[in-house]
Amino acid sequence: MTKPVRVRFAPSPTGALHIGGIRTALYNYLLARQTGGTMILRIEDTDQNRFVPGAEEFIIESLKWVGIAIDEGQSVGGPYAPYRQSERKHLYKKYVDQLIASAKAYYAFDSEGEIEAMRIRLKAEGNDNQQYGIHSRLSMRNSLSLSEAETTQLLESGAPYVIRAKIESGHQVVVNDLTRGSVTVQSDTLDDKVLMKSDGMPTYHLANVVDDYLMKISHVIRGEEWLPSAPLHVLLYQYLGWQNEMPEFAHLPLLLKPDGNGKLSKRDADKMGFPIFPLTWKDPHTGEVATGYREAGYLPQALINFLAFLGWNPGTEQEIFSMTQLIDSFAIQRIGKAGAKFDIQKAQWFNQQYLRGKSNEELAIYLMDSLSKENINCSNAVAEKICGLLKDRVTFPQDFWLQGKFFFKAPTSYDEQVTNKKWTQEAVTVLTQYANQIKKSDTITADVAKSILEKVTSELNVGTGKILQPLRVSITGGASGPDLMATIEVLGVEEATKRIEHALKTIPIK
RNA sequence: GGCCCGUUCGUCUAUCGGUUAGGACACCAGAUUUUCAUUCUGGUAAGAGGGGUUCGACUCCCCUACGGGCUACCA
């Protein structure tokens with residue numbers, strides 16, 4: 001019988017969650033949904049020095065925005081509450097005591113300076129391995145090197161201490177990883193990691209293993225940066241007698257910077273020219289603001305689709321996947337091994353695809369939103385029409401306003417490339433005629449606007465090509481844009497004529 | 001330095017011993033659009049290097065190189 005799938009996303013609230021974290025959460029979520037399992041959110045805040053106010057809320061809001069629902073955990077509760085490790089402090093002592101009792105862990109009283117001195121000494125001796133562990137532990141001040149009486153005396157005197165894992169020599173530790181097969185390391189190369197800090201808090205390693213066990217986690221899906229400590233975790237399961245309850249591991253390839261130089265990190269926010277956080281984040285200490293994907297105009301579905309493909313692919317040529325489709329198609333076996341360089345252009349392409357998939361009604365909401373910020377009134381019908389015209393030209397929702405401003409505001413300046421080259425006497429004559437002609441009717445359609453233009457140009461024997469750009473410039477101010485005739489239709493006769501006439505008055509003839 | 005992981009077009013990737021090494025993004029060209037964008041068509045572009053194993057290696061093994069991760073009382 002296989003265990004029910006229970007996966008967890010376990011971020012540390014040391015700042016804003018970045019998109020690498022979102023991808024990790026996503027893969028966990030996909031597996032949970034696919035198998036009818038449970039998605040758990042656990043907050044790993046065992047380092048009280050690195051606590052950042054607002055970070056936990058940011059994590060929760062980010063997951064919500066991208067559509068990753070939490071079944072159990074911080075913010076929603078559940079049978080294994082609390083889900084914040086700092087509130088679980090009392091739970092860990094029991095297990096660390098168990099490890100001490102079974103001689104799998106020991107007390108260590110060394111100061112920072114003493115440890116530093118040890119490293120320097122080992123290095124000077126030409127020792128490759130400068131770790132606190134098998135080769136050095138007996139030369140340090142701990143319950144292994146000290147007599148029982150000395151240890152007891154130190155503990156009773158309240159001397160600060162940590163508890164370290166006692167890694168046994170001469171073993172092969174095997175980590176079976178779902179994405180990269182089995183990874184074997186010699187236990188002698190591992191160090192005696194601190195399990196319990198002097199403030200009584202567990203380190204990540206202990207808390208993680210204990211909580212995964214207590215919460216009956218079936219799969220640990222996390223970033224590759226954890227692979228080096230996975231052997232320790234495996235040993236901990238063994239030392240605690242939980243080898244049969246050990247979860248499956250899957251270490252994900254890292255998200256790399258676009259230049260391939262290192263993994264994507266929080267400090268890269270905004271420096272690489274693209275967002276790194278799902279939501280805008282203001283660092284509470286420095287006050288620095290980093291724009292999020294949401295605020296930059298990315299649709300959560302597009303971000304998810306893009307992220308899903310960074311390190312995973314379905315093996316088919318389909319690239320557009322809804323969350324539901326991702327859930328159906330996801331397979332841990334198809335997760336890649338190599339780090340993926342981040343390419344924002346592909347993210348933009350996904351965004352464009354998702355935007356185009358929306359109806360004009362849906363798109364109009366974006367435009368209306370921008371318009372209300374500008375205090376501009378507009379009917380839904382017109383907004384929809386404008387969005388329809390702009391649909392194939394936009395990448396982000398805000399582009400409807402940015403590229404469609406001229407529908408609401410007459411140009412205040414004209415593209416000089418066009419006015420310098422094409423604003424000729426000939427053009428002026430045609431435009432004057434054209435304005436006079438369209439003026440005659442109250443309303444105008446794109447077709448009519450076009451036929452009138454054709455009529456005027458043929459009467460004056462001027463090629464339409466020479467006229468189109470000057471006409472566009474007079475109406476929109478710009479050199480390019482959506483279909484001009486349709487634009488005139490939206491603007492209406494009165495506004496269009498007004499703009500043409502204004503241009504005629506202000507632009508000097510070349 | 002040590003330990004671990006990785007390496008197919010510029011980027012994301014397909015390929016699970018036999019393919020003209022496929023797709024997507026980006027880029028370039030042509031067509032359509034009497035402009036731009038869109039759309040369509042086409043194109044440039046890849047198995048890090050060296051040894052094996054094999055009738056046959058991108059694919060399996062080894063070495064080297066390169067890249068990445070870890071090496072804290074951080075996660």
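Please read all numbers here as calculations on a predicted model, not as lab measurements.

Some words on unusual backbone geometry
Line of reasoning, step 1. In this structure, the amide linkage connecting A81 to the following residue, P82, adopts the cis form with an omega of 0 degrees.
Line of reasoning, step 2. The topology assignment puts P82 in the loop between β3 (72-73) and α3 (89-101).
Line of reasoning, step 3. The phi dihedral of A103 falls on the positive side, at around 60 degrees, and the residue is not glycine.
Line of reasoning, step 4. A positive phi angle, near 60 degrees, is found at N375, a position not held by glycine.
Line of reasoning, step 5. Positionally, N375 belongs in the loop between α12 (360-373) and α13 (380-390).

Considering the pairing of strand β2 (residues 38-41)
Residues in a regular strand project their side chains so that they alternate between the two faces of the sheet.
Line of reasoning, step 1. Because side chains alternate across β2, one face comprises the buried residues T38 and I40, and the other comprises M39 and L41, equally buried.
Line of reasoning, step 2. Bridge count for strand β1 (residues 6-9) against β2 is four bridges, and the pairing is parallel. Each residue of the ladder has a partner; that of R8, found in β2, is I40.
Line of reasoning, step 3. This β-α-β element, β1 to helix α1 (residues 19-35) to β2, shows right-handed connectivity.
Line of reasoning, step 4. Here two bridges tie β2 to β3, and the two strands are oriented parallel to one another. The residue bridging L41 from the neighbouring strand is G73, located in β3.
Line of reasoning, step 5. The β-α-β motif built from β2, the intervening helix α2 (residues 55-66) and the parallel element β3 has right-handed crossover chirality.

What to know about the confidence of the model for chain A
Line of reasoning, step 1. For chain A, per-residue confidence averages 94 on the pLDDT scale, and residues scoring 70 or more make up 100% of the total.
Line of reasoning, step 2. Scored by ipTM, the complex comes to 0.95, with pTM at 0.95.

Considering the protein's contact with RNA strand B
Line of reasoning, step 1. Contacts to RNA strand B come from 62 residues, most closely from S12, E44, A338, T464 and S480.
Line of reasoning, step 2. Going through the elements one at a time, β7 (181-186), β14 (340-341), α11 (344-356) and α18 (464-476) are the ones with two or more residues in the surface near RNA strand B.
Line of reasoning, step 3. Examining the composition of the surface near RNA strand B, we find that five residues originate from one element, α18, more than from any other.
Line of reasoning, step 4. Within the surface near RNA strand B, the residues separate by chemical class into 16 nonpolar, 25 polar and 21 charged.

Description of the domain arrangement of chain A
Line of reasoning, step 1. In terms of domains, chain A is made up of domain 1 (1-73 + 253-357), domain 2 (89-196), domain 3 (358-405) and domain 4 (410-510).
Line of reasoning, step 2. Measuring from the centre of the C-alpha atoms in domain 3 to the corresponding centre in domain 4 gives 24 Å.
Line of reasoning, step 3. With six residues of domain 3 at the contact, the number on the domain 4 side is four residues.
Line of reasoning, step 4. Residues of the side of domain 3 that touches domain 4, tallied by class, amount to four nonpolar, no polar and two charged.

What about the sheet that holds strand β8 (residues 194-196)?
Line of reasoning, step 1. Spatial ordering of the open sheet is given by β4-β5-β8, a layout of three strands whose pairing is antiparallel. With partners counted over all chains shown, the strands left at the sheet margins are β4 (105-108) and β8, one partner each. The mean angle between the axes of side-by-side strands here comes to 45 degrees, regardless of whether they run parallel or antiparallel.

Comments concerning the nonpolar core
Line of reasoning, step 1. Counting residues in each nonpolar core, the largest one holds 132 residues, and the members touching the most others are L26, V96, L307 and L367.
Line of reasoning, step 2. The leading source of residues in this core is α1, at nine residues.
Line of reasoning, step 3. Setting aside chain neighbours within four positions, we find L26 in contact with I68, I304, L307 and A308.

A few points about α3
Line of reasoning, step 1. Taking 1.5 Å as the rise per residue, α3 with 13 residues should run 18 Å; its terminal C-alpha atoms sit 19 Å apart, in good agreement.
Line of reasoning, step 2. Y92, Y95, V96 and L99 are the residues of α3 that are buried. Projection of α3 onto a plane perpendicular to its axis shows the buried side chains occupying an angular sector of 100 degrees, all on one side. Residues H90, K94 and A101 are exposed on α3 and point more than 90 degrees away from its buried face.
Line of reasoning, step 3. Where the residues of α3 are buried, they touch β4, β5 (162-165), β8, α6 (204-214) and α7 (230-239).

Digging into the pairing of β4
Line of reasoning, step 1. Residues A105 and Y107 line one face of β4 and the alternating positions Y106 and A108 line the opposite face, and both faces are buried.
Line of reasoning, step 2. Relative to β5, β4 runs antiparallel, the two sharing four bridges. Counterpart to A105 in the pairing with β5 is A165.

Section: the environment of L402
Line of reasoning, step 1. Structurally, the position occupied by L402 is in helix α14 (residues 399-404).
Line of reasoning, step 2. Separated by 107 residues in sequence, L402 and I509 have C-alpha atoms that sit 29 Å apart.

Things to note about α13
Line of reasoning, step 1. Along α13, the residues classified as buried are A383, I386, C387, L389 and L390. For α13, the angular spread of the buried residues around the axis is 160 degrees, confining them to a single face.
Line of reasoning, step 2. Considering only its buried residues, α13 is in contact with α12, α14 and α19 (484-491).

Concerning the environment of D328
Line of reasoning, step 1. Inspection of the secondary structure puts D328 in helix α10 (residues 323-329).
Line of reasoning, step 2. Judged by the 13 C-beta atoms lying within 10 Å of it, D328 falls in the partly exposed class.
Line of reasoning, step 3. With 278 residues separating them along the chain, D328 and R50 place their C-alpha atoms 38 Å apart.

Conventions adopted
Residues numbered from 1 in each chain as written. Chains lettered and ligands numbered in written order. Predicted model: local features only at pLDDT ≥ 70, side-chain atom pairs only at ≥ 80, totals over all residues. Helix = DSSP H or I, 4+ residues; strand = E, 2+ residues; numbered from the N terminus. Buried ≥ 20, exposed ≤ 12 C-beta atoms within 10 Å, placed from the backbone. Pairing = 2+ DSSP bridges. Right-handed = clockwise from strand over helix to strand, strands pointing away. pLDDT = per-residue confidence, 0-100. Near = placed C-beta within 6 Å. Nonpolar A, V, L, I, M, F, W, Y, C, P; charged D, E, K, R; others polar. Domains from an automatic or database assignment. Contact = placed C-beta atoms within 7 Å. Axes fitted to C-alpha atoms, helices over the stretch in contact; angles between N-to-C directions. Core = buried A, V, L, I, M, F, W, Y, C linked by C-beta atoms within 7 Å. Expected span 1.5 Å × (residues − 1). Arc of directions from axis to C-beta.

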